[in-house]
Amino acid sequence: MVMEIVCPAGTPAALRAAVKAGAHTVYCGFNDETNARNFPGLNFDRQEMREGIAFAHAHGSKVLIAINTFPRAGNEAIWHRAVADAESCHVDAVILADLGLLDYAARNHPGLRRHLSVQAAAANADVINFYAQTFDVKRVVLPRVLSVQEIAAINAETEVETEVFVFGGLCVMAEGRCSLSSYATGLSPNMNGVCSPANHVEYREDKGVLDARLGGYTIHRVGQNEPAPYPTLCKGCFGASNKSGHLFEDPVSLNAEQLIPQLQKAGVTALKIEGRQRSRSYVAQVVRNFRGAVDALEAGRPMPEGMLTRLSEGQAMTTGAYKKTWR
Amino acid sequence: MSQSQALIPLFPPGLARVLRVIPLAPLSLSLTAYSQKIAKSHPSLFRRLGEFDHVKFVLDPVDLPFVICLAPSGGVPRVTVTRGKGDGVARISGPLAALIGLVHGAYDGDALFFSRDLVVEGDTGAALALRNAIDDAELDLAQEIAAISGPFSGPLLHLTAFIQRHTQVYLTRPEEAEAW
C-alpha cells in the first residue's frame, strides 16, 4: 500500500498547489488561535475552508484540520466551535491534542474522525492505545524524538495508524511541552498557536551582519554570507563560559526522504511534511519530491535524489532522531 | 512552479544608472493605477492583510536606484516611488527579480530569507501578512498589464515571455504542472 503524503497548506492557494502536486492529504487550520500556526495573513476562514475541502475532494485528496492548541480556561467555546465547523465543512479528520477537546469531540461529534496531534507528544504504545480506547483516535502523529526502531516497536503494539514527519522545521523539545517562546514574548505555540510571534521579532542588518531580536533580546547574529535561521530561541546562538554556540540545536531542517523504505518497514502509514507557514512554491516542490519518492518505492525503483536543500532552514538537513548516531 | 531556487538574477547596472534620472512622479501614478486595478480583481488580498491593511510598506529592490512605498489603504492602494529611504512600518529588501518572483509564487519567501537574498526589517508581522496575502492571491503581473493594454496585450505578452526567457526573471506566474 502506498504511503500517504500529508502536506501543509497555509492558504487556499497553497492547498490547491498541494493537491495539484500530488498530495494524498492536506492539513490546514482556521485563522485563529485554535491551530499551532496562528500567523498574520495565514490560514482559512470558514468559507475558504469549505471551498478548499470541496476542491481537494473533487481531485481525490483528503483534508485534515489541525485544532491542536490547548483551550484556555473560560474560552473553550472557541475550540468547540472549531470542531463543529470542521465537521460541517466535511473535513476528513481533525487533528487534536488536548484531552478535554478530544473528549468533547468524541462525545459531541462521534462521526468525526480524530487524529492525535504531535502536540500531544504521545511517544509510546501504552499512551497511544489509551487515546484509541478512550477517544477512538484513529491515527497518531508521532513526536520527532523517536528512532526508526522505536517507531517499529510502537507499531508492533498498536492498531492505531502512525504518521511521522519527514521534512521541514525541527523542534528540539517534546512537542506540546515547549514554552521557550513564552519566556521572551509571553506567547507560546501551545496556548496561542505561535512560536516566536512575528510582532515580537525584529531584524536589523548592518554592513551585511544580520541581527535577529525576539522580545527585545538578541538571539542570534549571522555574518554576511551565512544562511539565516528562524528567529526561535531553540535555534539561538548564546554565549557561556567564554564560548558561543547553538545551545539547544543547530538551525537545520529534517529530511528523512532516504529513510522512507525503513519507515515503511516500521509500519508507518503516513509521511508528514512540516510548513503551513511556507509558500505555495515550497508546498509544490516538496510535495512533488516526496510523492515521487513514495511512488518510486511502490514501483520498486531506487529512491530519487532530492533537490530540497535550498528550501531548508540553515540550508542544511538532518535525519534528526530517526538515526540517533550520537548513541 | 520553479523546481529549485537558483541564483537570483540582478538588474543590469547600466539600465539601473538610466533609472537614476527618470522622473518618478509618472511612475508613481502609473503604479498606483495599476495596483488599484489589481485590488479590484483580487479583493481577498486585502482581507488577508487583516490589521495591516492601512499600514505602509517599503519594497526595496536593492539593484534599483529607488524604493517603492506601498500603502494598501484598505483596498484602494497608493504607490509612491522615491529615491530616499521611504517611509513604512516594514521594509522588504532584495533584488528586483526576487521580489517579482515572490509575487508570482516562483520563489519561497522563507528560502530567500535563509539564503539572505531577502531581508525584512521593521514590523515582521506586517511583512509576513503581506507575503502571505500576495502568495495566496496567485497574481500574474504580466497578465494584469495585458488586461488593460487593449490591442497591445498580445505583443506585450510575447515581449514579456521573450525577456523572461533571456533574463530568467519570473515576469509571469510560472505554469503549474499538470495535476498528479
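Above this note sits the structure.
Residues numbered from 1 in each chain as written. Chains lettered and ligands numbered in written order. Predicted model: local features only at pLDDT ≥ 70, side-chain atom pairs only at ≥ 80, totals over all residues. Heavy atoms only, no water.

### Digging into the sheet that holds strand β10 (residues 217–222) of chain A
Residues and elements named next belong to chain A.
Alright, step 1. Taking strand neighbours across the sheet as the criterion, the three strands line up as β8-β9-β10 in an open arrangement whose pairing is antiparallel. At either margin of the open sheet sits one strand with a lone partner, and together these are β8 (201–206) and β10. On average, adjacent strands in this sheet sit at an angle of 20° to one another, irrespective of strand direction.
Alright, step 2. In the sheet, β8 pairs with strand β9 (residues 209–214) via six bridges, with the strands oriented antiparallel. In the sheet register, Arg-204 faces β9, and the bridge partner there is Asp-211. (Pairing = 2+ DSSP bridges. Helix = DSSP H or I, 4+ residues; strand = E, 2+ residues; numbered from the N terminus. Axes fitted to C-alpha atoms, helices over the stretch in contact; angles between N-to-C directions.)

### Brief notes about the interface of chain A and chain B
Alright, step 1. Contact with chain A, which involves 52 residues of that partner, is made by 42 residues of chain B.
Alright, step 2. Summing both sides of the interface, chain A and chain B together bury roughly 3,700 Å²; the carbon and sulfur share of this comes to 49%.
Alright, step 3. Across the contact surface, chain A and chain B share six salt bridges.
Alright, step 4. A salt bridge links Arg-278 of chain A to Asp-108 of chain B, with the shortest nitrogen-to-oxygen separation between them at 2.6 Å.
Alright, step 5. Where chain A touches chain B, the interface holds 18 residue pairs in polar contact (both at pLDDT 80 or more).
Alright, step 6. Elements with a minimum of two residues in the side of chain A that touches chain B: α1 (12–21), β8, β9 and α10 (280–299) of chain A.
Alright, step 7. It is α10 of chain A that contributes the most residues to the side of chain A that touches chain B, nine residues altogether.
Alright, step 8. Within the side of chain A that touches chain B, the residues separate by chemical class into 21 nonpolar, 17 polar and 14 charged. (Contact = heavy atoms within 4.5 Å. Buried area = accessible area lost by both parts, 1.4 Å probe. Salt bridge = Lys/Arg side-chain N within 4 Å of Asp/Glu carboxyl O. Polar contact = N/O pair within 3.5 Å; in protein donor to acceptor, adjacent residues only side chain to side chain. Nonpolar A, V, L, I, M, F, W, Y, C, P; charged D, E, K, R; others polar.)

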